[in-house]
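A closer look at the structure
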Amino acid sequence: MNESGEDGMTPVFTHIENDRARMVDISAKTEVPREAVASGRIYLRRETLKAIREGTTVKGNVLATARVAATLAVKETPRIIPMCHPIPLAGVTIDFEEGDGYLETTARVKSFGRTGVEMEALTGVSVALLTVWDMVKSAEKDENGQYPVTRIDAIRVLEKKKGR
């Protein structure tokens, strides 16, 4: 599958040249508004979801902490992902929605620049979900110290925009 999703074509990997990882040269690209939205889920015990909703978790406000952690992660993405460009961020929004047995996190990242912000949105979602796990892990463990219910999945880019 190629980068447009079509089968039968050779994929294009812009960060690899002659078997070497490289940062893509974006100097010739035009600066335009860019936006990406990513989401992901963490599955938790019903009692844990209730404690988050009611604000009764042991470590404090789970969603506020995860929102701050996600925002910091978005800002640090070029330090975490080696070939990401440092870019000026125009806005970061982190939202949470409870579903049937899970908490869904959505990150919306905006910039005005020469390259997209998908990696920033994905990093924000990932760190938000990991922070939720860290904040509630004591409530999620079973009698053997394992996490039979807890899992993170469905991390994906929902949308990306380039230009107006």
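Remember, predicted model here, so these are calculated numbers, not experimental data.

Attention now moves to helix α1 (residues 46-54). All of the buried residues along α1 are Thr48, Leu49, Ala51 and Ile52. Buried residues along α1 cover an arc of 160 degrees about the axis, so they all sit on one side. Along α1, the residues that are exposed and aim more than 90 degrees away from the buried face are Arg46, Glu47 and Arg53. Immediately downstream of α1, the backbone of glycine 55 shows phi near 70 degrees, a positive value.

To continue, consider the packing of aromatic side chains. This model, assessed by the stated rule, comprises two aromatic pairs. A centroid spacing of 5.3 Å and a plane angle of 55 degrees characterise the contact between tyrosine 43 and tyrosine 102, whose relative ring orientation is tilted. You can see tyrosine 43 sitting in strand β3 (residues 32-43) and its partner tyrosine 102 sitting in strand β5 (residues 102-113), a full 59 residues away along the chain. Accessibility expressed as a relative area gives 15% for tyrosine 43, which makes it buried. Overall, the relative accessible area of 14% leaves tyrosine 102 in the buried class. Ring geometry for tryptophan 133 against tyrosine 147: centres 5.3 Å apart, planes inclined by 70 degrees, an arrangement best described as edge-to-face. One end of the pair, tryptophan 133, is in helix α3 (residues 118-140); the other, tyrosine 147, is in the loop between α3 and β6 (151-162), and 14 residues separate them in sequence. The class of tryptophan 133 is partly exposed, set by a relative accessible area of 21%. Tyrosine 147 sits in the partly exposed class, given a relative accessible area of 27%. Positioned above the aromatic ring of tyrosine 102, the side-chain terminus of arginine 41 is 4.0 Å from the ring centre.

About the thresholds
- Residues numbered from 1 in each chain as written.
- Predicted model: local features only at pLDDT ≥ 70, side-chain atom pairs only at ≥ 80, totals over all residues.
- Heavy atoms only, no water.
- Buried < 20%, exposed > 50% of the residue type's maximum accessible area, 1.4 Å probe, protein only.
- Helix = DSSP H or I, 4+ residues; strand = E, 2+ residues; numbered from the N terminus.
- Arc of directions from axis to C-beta.
- Phe/Tyr/Trp six-rings, centres within 6.5 Å; stacked < 30°, edge-to-face > 60°.
- Lys NZ or Arg CZ within 6 Å of the ring centre and 35° of its normal.

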